[in-house]
Amino acid sequence: MVAALNETLLDEARVPAVIADVQALIDAEVSDKSGASGLALKGGYAAVKKVGPSIVPDAIEGLLPEFVTKLEPYWQDFTASGQDSFADYLVARGDDVSDSLLGVTDERIENSDRGAVKKVYNSLRPSAKKNVIEALPRLGALVQKHAN
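Residues numbered from 1 in each chain as written. Predicted model: local features only at pLDDT ≥ 70, side-chain atom pairs only at ≥ 80, totals over all residues. Heavy atoms only, no water.

1. Observations concerning the overall build of the protein chain
(1) Moving on: Secondary structure assignment for the protein chain yields eight helices and zero strands.
(2) Moving on: Helices and strands appear in the protein chain in the N-to-C order α-α-α-α-α-α-α-α.
(3) Moving on: Against the globule reference of 15 Å for 148 residues, the protein chain gives a C-alpha radius of gyration of 15 Å, in line with a compact fold.
(4) Moving on: For the protein chain, the spread of C-alpha atoms along the principal axes amounts to about 45 × 30 × 25 Å.
(5) Moving on: Residue burial in the protein chain is summarised as follows: out of 148 residues, 40% are buried.
(6) Moving on: Counting contacts in the protein chain only where the partners sit at least 6 residues apart, residues at least 24 apart contribute 73% of the total. (Helix = DSSP H or I, 4+ residues; strand = E, 2+ residues; numbered from the N terminus. Rg over C-alpha atoms; globule rule 2.2 N^0.38 Å. Buried < 20%, exposed > 50% of the residue type's maximum accessible area, 1.4 Å probe, protein only. Contact = heavy atoms within 4.5 Å.)

In structure tokens form, the structure reads like this:
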């Protein structure tokens, strides 16, 4: 049986590298965006980082256990399937995976007392599903790298 993601991705020794890789993934995804919506996303992301330089890594650390929980059923199904690429597996289920992951951030933002972060998130939320789906190849590769 394959190890649960919370045993690998949330292993105390591995968490700093996972957080760094997730932040690099977010930075790369934001950087890759173009057009008007890309400009808005880049501006929003820069605004959040201006509020406090530790907001992004702190948010990743705080949300990581919930994201891992949401990814676990996909990971278990993937490993049982015999497929080679978790990235491809996630992409093929993009709608479901993105809805599951966004449920975590939606709930967190709803309960947040940080008005500036809430405002930026709510302004970017309409395009969030598309952005999460676009990030699934990198996310799948990141998970597979740290889970193996």
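2. So, the nonpolar core
(1) Moving on: Ranked by size, the top nonpolar core spans 39 residues in total, and within it Leu-5, Leu-71, Phe-86, Leu-90, Leu-139 and Val-143 carry the most contacts.
(2) Moving on: Listing elements by their share of this core, those giving two or more residues are helix H2 (15-32), helix H3 (35-51), helix H4 (55-81), helix H5 (86-92), helix H6 (94-110), helix H7 (115-124) and helix H8 (128-147).
(3) Moving on: Considering every element that reaches this core, the biggest residue donor is H4, with nine residues.
(4) Moving on: Other than its neighbours up to four places away in sequence, Phe-86 contacts Tyr-74, Trp-75, Phe-78, Gly-140, Val-143 and Gln-144. (Core = buried A, V, L, I, M, F, W, Y, C linked by side-chain atoms within 4.5 Å.)

3. As for the packing of aromatic side chains
(1) Moving on: Within this structure, the stated rule accounts for five aromatic pairs.
(2) Moving on: Taking the centre distance of 5.4 Å and the plane angle of 40 degrees together, the rings of Trp-75 and Phe-78 count as tilted. A residue pair is termed a helical-turn pair when its members lie 3 or 4 positions apart in one helix, as Trp-75 and Phe-78 do in helix H4 at three residues. For the pair formed by Trp-75 and Phe-78, the shared burial category is buried.
(3) Moving on: Plain terms: the ring middles of Phe-78 and Phe-86 are 5.1 Å apart, the flat faces sit at 50 degrees to each other, and that makes the pair tilted. (Phe/Tyr/Trp six-rings, centres within 6.5 Å; stacked < 30°, edge-to-face > 60°.)

4. Structural notes on the packing of H4 against H6
How two helices sit against one another is set out by the angle between their axes and by the gap between those axes.
(1) Moving on: Relative orientation of the contacting elements H4 and H6 amounts to 155 degrees, with a least axis distance of 10 Å. If you check the angle between H4 and H6, you find them roughly antiparallel. The element H4 and its partner H6 pack so that their crossing is right-handed. Only Asp-96, Val-97, Ser-100, Leu-101, Val-104, Thr-105 and Arg-108 of H6 make contact with H4, whose side of the interface consists of Gly-62, Leu-63, Glu-66, Phe-67, Lys-70, Leu-71 and Tyr-74.
(2) Moving on: Of the residues that constitute the contact of H4 with H6, the class distribution is seven nonpolar, three polar and four charged. (Axes fitted to C-alpha atoms, helices over the stretch in contact; angles between N-to-C directions. Parallel < 35°, antiparallel > 145°, perpendicular 65-115°, else oblique. Left-handed = near helix turned anticlockwise from the far one by under 90°. Nonpolar A, V, L, I, M, F, W, Y, C, P; charged D, E, K, R; others polar.)

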